[in-house]
Amino acid sequence: SDLLVEGATLRIPGPPGQPVEVAYRAGATPPIEYEKNLIVGDDGWVRAVVPYPSDRPDLSLDGSYRLRIGDRTTELRVPDAAVQGGLVITVEPPG
């Protein structure tokens, strides 16, 4: 049974078979943490559904997502509107 998860979908580019780590940490007490390890698919993309926004300090949800794509790292902030609306965010490849 597929669970319908509210959240934004990150589309992350990379070489097929590349491991990708998606990590989030927000400064609540205790901290809110989220981590997912994924593999880039044959089409050169990996998709990660992320449940927490970066712009809701009123809920202590103010962290960035750290994306590790192979040996490169990039940071990304996800707006609450994207999480609530189930939007897709295409990530620029880290330079």
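Structure's up top.
This structure is a prediction, so every number in the text was calculated from the model and none was measured. (Residues numbered from 1 in each chain as written. Predicted model: local features only at pLDDT ≥ 70, side-chain atom pairs only at ≥ 80, totals over all residues. Heavy atoms only, no water.)

With mixed pairing, 3 strands are arranged side by side in an open sheet as β4-β1-β7. Every other strand in the sheet has two partners, leaving β4 (45–50) and β7 (88–90) as the edge strands with one partner each. Across the sheet, the axes of successive neighbouring strands diverge by a mean angle of 25°, strand direction being ignored. Alignment of strand β1 (residues 8–13) against β7, held across 3 bridges, turns out to be parallel. Counted as the bridge partner of Thr 9 is Val 88 from β7. (Pairing = 2+ DSSP bridges. Helix = DSSP H or I, 4+ residues; strand = E, 2+ residues; numbered from the N terminus. Axes fitted to C-alpha atoms, helices over the stretch in contact; angles between N-to-C directions.)

What the rule picks out here adds up to 6 salt bridges. Measuring nitrogen to oxygen at the nearest pair gives 3.5 Å for the salt bridge that ties Glu 21 to Arg 68. Pair noted here: Glu 21 is in strand β2 (residues 19–26) and Arg 68 is in strand β5 (residues 65–69), with a separation of 47 residues, a long-range link. The salt bridge involving Arg 25 is made with Glu 33; its shortest N-O contact spans 2.6 Å. One salt-bridge network, in which partners are shared between bridges, spans Glu 21, Arg 66 and Arg 68. (Salt bridge = Lys/Arg side-chain N within 4 Å of Asp/Glu carboxyl O.)

Membership of the largest hydrophobic core comes to 23 residues, with the highest contact counts inside it found for Leu 10, Ile 12, Val 22, Val 50, Tyr 65, Leu 67 and Val 78. Secondary-structure elements contributing two or more residues to this core are β1, β2, β3 (32–39), β4, β5 and α1 (80–85). With 4 residues, β2 is the single largest residue contributor to this core. Apart from the residues lying within four places of it in its own chain, the contact partners of Leu 10 are Val 46, Arg 47, Ala 48, Val 50, Leu 67, Leu 76, Val 78, Ile 89 and Val 91. (Core = buried A, V, L, I, M, F, W, Y, C linked by side-chain atoms within 4.5 Å. Buried < 20%, exposed > 50% of the residue type's maximum accessible area, 1.4 Å probe, protein only. Contact = heavy atoms within 4.5 Å.)

The full count for this structure, using the stated rule, is 4 aromatic pairs. Residues Tyr 24 and Tyr 52 carry aromatic rings whose centres are separated by 5.4 Å and whose planes lie at 25° to one another, so their mutual orientation is stacked. In this pair, Tyr 24 sits in strand β2 while Tyr 52 sits in the loop between β4 and β5, placing the two residues 28 residues apart along the sequence. Relative to Tyr 52, the ring of Tyr 34 lies with its centre 6.3 Å away and its plane at 90°, an arrangement referred to as edge-to-face. One end of the pair, Tyr 34, is in strand β3; the other, Tyr 52, is in the loop between β4 and β5, and 18 residues separate them in sequence. The class of Tyr 34 is buried, set by a relative accessible area of 16%. Relative accessible area serves as the criterion here: at 26%, Tyr 52 is assigned to the partly exposed category. Chaining the aromatic ring pairs together yields one cluster made of Tyr 24, Tyr 34, Tyr 52 and Tyr 65. Between Arg 11 and the ring centre of Trp 45, over which it is positioned, the NZ or CZ distance is 3.8 Å. (Phe/Tyr/Trp six-rings, centres within 6.5 Å; stacked < 30°, edge-to-face > 60°. Lys NZ or Arg CZ within 6 Å of the ring centre and 35° of its normal.)

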